[in-house]
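# Architecture at a glance
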Amino acid sequence: MTEPLFSEDEEFDRPRLAAHGPVRVRVPAKINLHLHVGPARPDGFHELTTVYHAIGLYDEITARRGDTLTLTMEGDGAGELSLDEDNLIIRAARALAAETGHEPHARLHLKKQIPIAAGLAGGSADAAAALVACDQLWGTGMSRDDLAAIAATLGSDIPFLVLGGTALGTGRGELVSPVLTGGHAWHWVLAVADEGLSTPTVYKTFDELGAQTNAGPPDGLLAALRQRDPEVLAGELTNDLQAAALHLRPELRGVLDAGLDAGALAGLVSGSGPTCVFLAEDARHAALIAAELEARDCCRAVRTAVGPVPGARVL
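Residues numbered from 1 in each chain as written. Predicted model: local features only at pLDDT ≥ 70, side-chain atom pairs only at ≥ 80, totals over all residues. Heavy atoms only, no water.

### Some remarks on the overall build of the protein
Rules: Numbered from the N terminus, helices here are DSSP runs of H or I no shorter than four residues, and strands are runs of E no shorter than two. Atoms considered for the radius of gyration are the C-alpha atoms alone. The globule rule reads 2.2 Å times the number of residues to the power 0.38. Any residue under 20% of the maximum accessible area for its type is buried, any over 50% is exposed, and the rest in between are partly exposed; the area is computed with a 1.4 Å probe on protein chains only. Residues count as neighbours in contact if any of their non-hydrogen atoms are within 4.5 Å of one another. The Shrake-Rupley method, run with a 1.4 Å probe, gives the accessible areas here. Residue values count only the displayed protein chains as cover. We count Lys and Arg on the positive side and Asp and Glu on the negative side, and we leave His and both chain ends out. Here the site of a charge means atom NZ of a Lys, CZ of an Arg, CG of an Asp or CD of a Glu.
The number of helices and strands found in the protein is 10 helices and 12 strands. For a compact globule of 315 residues, the expected C-alpha radius of gyration is about 20 Å, and the protein comes in at 19 Å, within 12% of that figure. C-alpha extents for the protein along the principal axes are approximately 55 × 45 × 40 Å. Residues classed as buried in the protein amount to 54% of the 315 residues present. For the protein, restricting intrachain contacts to residue pairs at least 6 apart in sequence, the fraction spanning at least 24 positions comes to 77%. About 13,400 Å² of surface is accessible on the protein, with carbon and sulfur atoms providing 49% of the total. Computed over 25 positive and 42 negative side-chain charges, the inter-centroid distance for the protein is 5 Å.

Here it is, written out as structure tokens:
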């Protein structure tokens, strides 16, 4: 069953004038509550069935008027990420300009808190934020669905991060349908690893290990979301890429064990990893799990987050 994420009179469903001042957009990270990886397709991608879930760990992009298209950044990954034409933020801005006939002129600044190469779709989130920010800056009047369609040409996770919430993803992940969750808030603890993992490398390892899958259809997971019971949801979390991530980073088994020992209802590798995500009963339980993980010093950083949250939004 699906439910709309936005009403017809929201900001992305009516014409807008170009912004004169700076535009700030906040965008969340995502985790995969269910990730089934199917066979490789002729285009090199794998057929996926996934349930996306946006959580309250954010990056922020500020867009200002400029004579050219430039990108600067601060925060996690500063000095490591390329800020040139290869960056998804720049590619997203140019894609929107090409689609709408606008000059791709903007000064973009990224304030980054979502760890890079962490299985949390930080790069995809930033591209989604760039689409929303430039749409507002230039007054292109694109609907949320229009922006998601452009996002699909740039990357598999980007359409979801334009939308946010909880959603079913199919195809290579770019076909997104919101799912009914009843408005319940779920509490998560994230254990961020010292070093990232390359998504293509994880998929390659998945194939080399025999492409074994544990995740079937997501019906049980979707039903658990509607029941609003964390213990029921805990039994339905699954990720076909977890075995490949653990093969590449065996030490992640110790992180998963530490989270479960700390009382988490369930733990799994987020997406292609290496971040490990743990489900808690409530905010207090999440804080206790986080404190225990920090005391064990088994990862670079520990964060708590609530989901679902909206996708990229103008502040």
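### Some details on the pairing of strand β3 (residues 69–75)
Defined as follows: Strand pairing requires that DSSP identify at least two bridges connecting the strands. Handedness of a crossover: with both strands directed away from the viewer, a clockwise path from the first strand across the helix to the second marks it as right-handed.
As paired elements, β3 and strand β4 (residues 106–112) share seven bridges and run parallel to each other. Bridge pairing in β4 links E74 to K111. You can see the chain leave β3, run along helix α1 (residues 88–100) and come back into β4, and the turn it takes is left-handed.

### Some points on the pairing of strand β2 (residues 46–64)
Of all the 19 residues making up β2, 15 are buried; the element is thus mostly covered by neighbouring parts of the structure. Judged from the 15 bridges that link them, strand β1 (residues 23–40) and β2 form a sheet pairing that is antiparallel. Looking at the pairing, H36 lines up with T49 of β2. The turn linking β1 back onto β2 is made up of five residues, and G44 within it adopts a positive phi angle of 95°. Relative to strand β5 (residues 166–170), β2 runs antiparallel, the two sharing four bridges. Bridge pairing in β5 places T50 opposite G169. Across five bridges, β2 lies against β4 in antiparallel orientation.

### Brief notes about the pattern of salt bridges
Where charged atoms of side chains with opposite charge meet at close range, the side chains can pair. Test applied: What counts as a salt bridge is simple: a side-chain nitrogen of Lys or Arg found within 4 Å of a carboxyl oxygen of Asp or Glu.
Counted by the stated rule, this structure contains nine salt bridges. For D261, the salt bridge identified is with R296, shortest N-O distance 3.7 Å. Pair noted here: D261 is in helix α9 (residues 252–261) and R296 is in helix α10 (residues 283–296), with a separation of 35 residues, a long-range link. The shortest N-O distance in the salt bridge between R296 and E292 comes to 3.0 Å.

### Examining the packing of aromatic side chains
Applicable threshold: Note on aromatic contacts: the rings of Phe and Tyr and the six-membered ring of Trp form a pair at centre separations within 6.5 Å, being stacked when their planes are under 30 degrees apart, edge-to-face when over 60 apart, and tilted otherwise. The criterion is that NZ of a Lys, or CZ of an Arg, lies within 6 Å of the ring centre and within 35 degrees of the ring normal, and then a charge sits over that ring.
As enumerated under the stated definition, the model contains one aromatic pair in all. Judged by centre distance (4.7 Å) and plane angle (15°), the rings of Y52 and F160 are stacked. With Y52 in strand β2 and F160 in helix α4 (residues 158–163), the pair connects residues that are 108 residues apart, well separated along the chain. Each member of the pair Y52 and F160 is classed as buried. The side chain of R172 reaches across the aromatic face of F45, ending 5.2 Å from its centre.

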